[in-house]
Amino acid sequence: MAAAAAAARGVPKRSEVLWLFRSLLRTARQFSDYNIREYTKRRTIDGFRLNRTLSDPDSITSAFSDGKAQLEVAKRQSIIYSLYTPKVKSIMELKS
């Protein structure tokens, strides 16, 4: 049923996909913890590279929908992590 609704909406445009990519990277920057911030950034880039070769409209629409769901999860998590920020920075964030 979800696939039928996604197919009715159509394949996302290039601008929509770029918006999703940028939004995920912007959300990754909001994490205060270095490890989580870098993991989110790496996962975003790897996910988009993996799906770069998709050509089937249904799989493209499905991947886009999954990406939007991941964006909502990342936004919620960034808010939760901001409530519990560590007092000490990671060794990777310290300047020498």
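Sequence positions are assigned chain by chain, starting from 1 and proceeding in written order. This being a predicted model, a pLDDT of at least 70 is required before a residue's local features are given, and a value of 80 or more before pairs of side-chain atoms are given or counted; all residues contribute to the totals for chains, interfaces and linings. To obtain the side-chain values, all non-hydrogen atoms of the structure were included, while hydrogens and water were left out.

The protein chain has the name Complex 1 LYR protein domain-containing protein in an unreviewed UniProt entry, where Carya illinoinensis is given as its organism.

Turning our eyes to something else, we now look at the layout of surface pockets. Approximately 860 Å³ is the volume attributed to the largest pocket. Residues are called lining when one of their atoms sits within 4 Å of a cavity or pocket point, these points coming from a 1 Å grid over the protein atoms alone, where a cavity is a set in which a 1.4 Å probe fits but cannot get out and a pocket is an open set with protein on both sides within 12 Å along at least five of seven lines. Taken together, 30 residues make up the lining of the largest pocket; nearest its centre are L24, T44, G47, F48 and N51. Numbering goes from the N terminus for both helices and strands, where a helix is a DSSP run of H or I of at least four residues and a strand is a run of E of at least two. Contributing elements (two or more residues each) for the lining of the largest pocket: α2 (14-29), α3 (34-50) and α4 (57-83). Grid points are joined across faces, edges and corners, and a volume is the space filled by probe spheres set on the points.

Glancing now at the confidence of the model for the protein chain. Put simply, the protein chain has an average pLDDT of 88, and 90% of its residues get 70 or more. For every residue, the predictor reports its confidence as pLDDT, a number between 0 and 100. Mean pLDDT values over the elements of the protein chain span from 53, in helix α1 (residues 2-9), up to 97, in α2.

This part covers a nonpolar patch on the surface. Judged by side-chain polarity, I80, L83 and Y84 come together as a nonpolar surface patch covering roughly 370 Å² of accessible area. Position of L83 among the secondary structure elements: in helix α4. Here a patch means residues that are over 30% exposed by relative accessible area and free of salt bridges, tied together within 9 Å if like-charged and within 5 Å if nonpolar (Val, Leu, Ile, Met, Phe, Trp, Tyr). Areas reported as accessible are Shrake-Rupley estimates using a 1.4 Å probe. Residue values count occlusion only from the protein chains shown. Here a salt bridge means any side-chain nitrogen of Lys or Arg lying within 4 Å of a carboxyl oxygen belonging to Asp or Glu.

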